[in-house]
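Observations on chain architecture
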Amino acid sequence: MELSQLTLVLLLISNINFGHTEDFSKPTVTVEPQSSVFTGDSVTLRCELGQTLVGWEFLWIKDTRSELTEASTKKIDSVKVSDGGEYRCRARRVGQYTNYSEPVTVTIYERPKAKLTIEPAQHVFRRETVTLRCDTYSEGITSWQYSWYKNGSVSVFSELQEHTFSPVTESDAGQYFCYGAERGGSRRSQYSDAVTLTVSELRAVLSVSPQKWLTEGDPVTLICEVNNFSADWTFTWYTVTISSDYSSHNYQMLSDSSRGAGGNYTVSSAALKHTGVYVCRAERIKPAYYTTYSNTQPVWVTGCSPRVSLIISPSRTQHFTSVSLSLSCEDQSNSERWRVRRYTESWGLQDCSSSVWGSQSGSTCTIRSTITSDTGLYWCQSESGENSHPVNITVHFFVILESPVHPLTEGDTLTLRCLYQHSTLQNLRADFYKDGSLIQNQTTEMIISTVSKSHEGFYYCKHSERGESPKSWISVRGVSNECCCILSPSESQISVLHTLSSVLAVCPYLLVTVVLIFKCYRMRGETSD
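Note that the structure is predicted; figures quoted are calculated from it, not measured.

**What about the overall build of the protein chain?**
A tally of regular secondary structure across the protein chain gives three helices and 45 strands. Looking at the protein chain as a whole, 40% of its 529 residues are labelled buried. Sequence separation of 24 or more characterises 61% of the internal contacts of the protein chain that already satisfy a separation of 6 or more. Split by element, the accessible area of the protein chain, about 29200 Å² in all, is 51% carbon and sulfur.

Right, dumping it as structure tokens:
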């Protein structure tokens, strides 16, 4: 065969298709939305030719595995880490094949979970500064934007990583969660766990021990606490004056307020000047915070022998709601000069004669239908400002304790009963407690035939089904500490001189004894000075 003929045969053979690759463009693999995604996302791979795709089949190769499909796209819903790897494709039709595409790497990362933190704490107090921060981390993402949710709804926060409340208020409280999204991309994190922000008012709470109503010489302690939170608090103490129309309060810091900085302000021997309405305030340095003024607490100090007594009917300190209560000022000389006054947490200082809570006729004030906000201190006051011993009246529902209205004297008999508001029986069979300890159980009344100073304390009763009464303070005076003996030096000398003149007129022979007594009183007066 001639050379020209051999060349022609070779050319013909080269044009015959034996199932090998023709000279088509190499396909390209594209990935949507992107080649790096998180578990749970969807990924779509496309095998793209530079011509029509009619009649073509597509072979997808991942690592060493292959898959033949009629579609040029391969969609993977909710991808797993194992779906990651190198992907290539080629196309074929009627035994014709394209070249393999260049490999494309699909990377699957575990979807990160956002973490929400609150600083300085999840429970904060009004007027503090609080910062919420959303943290998300994943390899390959350097810029995030954030979405915030409060109580299940999209928040109005910005897309920033942190949000600060300064100052925080009660309206900012709620349950928060967040997530992060790739800025300029499609990837997003899992939602964070929900974190609850609690905002409350940090209050100083003032109480008085052992009682608010005192006689000259009694000890009393004001106790200031801060919502049961332990911290390095310092306390300051004030008296408060309330305007006659209750519209304004004037606070005056005590001159010796610093001695109560630890939380207890103690007066070892109360005097008339200590009568007043008190409040306290707490402050800490780190983190810096100060409370508002505490609740008010009255302290009432009376002289030894006031000329008038407050008589209560029914004669007890605790009373049921929705009953009539009579309060009378009894003065042997002139009862018309006295009026009934009270101080309650709800209404402050009030006169019976000028308010809606009661009506006064002469020296008697009547409350027609008691309510719980009638609980408070009641006393008699003369036109000249003289006061009786106050009485603490408590109005309660269901169960009350029947106890004496006025202090007992050592040697007196104490009788306590437990009363139920809706019972046809006069007394409940109940347990009786003193200062939180059970002292007598399942009895209709508790009797102490001869009281002593050791019996002084807070008493209450408790029924297993009906409930328990409020606490009542039982005060016991010592026989040796009768009020009439507590006189100033000048008052003592005047009293003794008056007695001496009477005695000398009747019995001159007692002169020596009288002189000795007078000298004793003078020495006592000088010692007191």
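**Focus: the state of the cysteines**
If you walk through the whole model with that rule in mind, you get six disulfides. The disulfide partner of C418 is C461, and the S-S distance across this bridge is 2.1 Å. The disulfide joining C418 to C461 has a torsion of about 70° about its S-S bond and is therefore right-handed. Taken together, the residues C418 in strand β38 (residues 414–420) and C461 in strand β42 (residues 457–463) connect sequence positions 43 residues apart. Like C418, the residue C461 is buried in the burial classification. Cysteine pairing for the protein chain (bonded cysteines numbered in sequence order): 1-2, 3-4, 5-6, 7-10, 8-9, 11-12.

**A look at the sheet that holds β38**
In sheet architecture, strand pairing relies on hydrogen bonds along the backbone and comes in two forms, parallel and antiparallel. Taken in spatial order, the three strands of this open sheet run β36-β38-β41, and their pairing is antiparallel. Each edge of the open sheet carries a strand with a single partner, namely β36 (399–402) and β41 (445–448). The mean angle between the axes of side-by-side strands here comes to 15°, regardless of whether they run parallel or antiparallel. Alignment of β38 against β41, held across four bridges, turns out to be antiparallel.

**A short note on unusual backbone geometry**
Note that the residue after S166, namely P167, is joined by a cis bond; omega there is 0°. For P167, the location among the structural elements is in the loop between β15 (162–165) and β16 (174–182). Omega for the peptide link from S209 to P210 comes to 0°, which places this bond in the cis form. Within the secondary structure layout, P210 lies in the loop between β18 (204–209) and β19 (213–215). Unlike most non-glycine residues, Q442 shows phi in positive territory, near 50°. In this fold, Q442 is placed in strand β40 (residues 437–443).

**Details of the nonpolar core**
One finds L222, W233, F235, W237 and V299 to be the most contacted residues of the largest nonpolar core, which totals 23 residues. With four residues, strand β20 (residues 220–226) is the largest single contributor of residues to this core.

**Describing the sheet that holds strand β1 (residues 28–32)**
With respect to topology, three strands assemble into an open sheet ordered β1-β3-β6, the strand pairing being antiparallel. In this open sheet, the two strands that pair with only one neighbour each are β1 and β6 (73–76). Between one strand and the next, the sheet's axes are offset by a mean angle of 15°, whatever the strand orientation. Where strand β3 (residues 43–48) lies against β6, four bridges are found, and the strand directions are antiparallel. Of the residues in β6, the one forming a bridge with V43 is I76.

**Focus: the pattern of salt bridges**
In the structure shown here, the tally under the stated rule is 26 salt bridges. Between D351 and R341 there is a salt bridge, with its nearest N and O atoms 2.4 Å apart. Highlighted residues: D351 in strand β31 (residues 348–351) and R341 in strand β30 (residues 338–344), separated in sequence by ten residues. Assessed through its relative accessible area of 13%, D351 is described here as buried. One connected set of salt bridges, linked through shared partners, spans R126, R127, E170 and E201.

Calculation notes
Residues numbered from 1 in each chain as written. Predicted model: local features only at pLDDT ≥ 70, side-chain atom pairs only at ≥ 80, totals over all residues. Heavy atoms only, no water. Helix = DSSP H or I, 4+ residues; strand = E, 2+ residues; numbered from the N terminus. Buried < 20%, exposed > 50% of the residue type's maximum accessible area, 1.4 Å probe, protein only. Contact = heavy atoms within 4.5 Å. Areas by Shrake-Rupley, 256 points an atom, 1.4 Å probe, with all protein chains shown as cover. Disulfide = S-S within 2.5 Å. Pairing = 2+ DSSP bridges. Axes fitted to C-alpha atoms, helices over the stretch in contact; angles between N-to-C directions. Core = buried A, V, L, I, M, F, W, Y, C linked by side-chain atoms within 4.5 Å. Salt bridge = Lys/Arg side-chain N within 4 Å of Asp/Glu carboxyl O.

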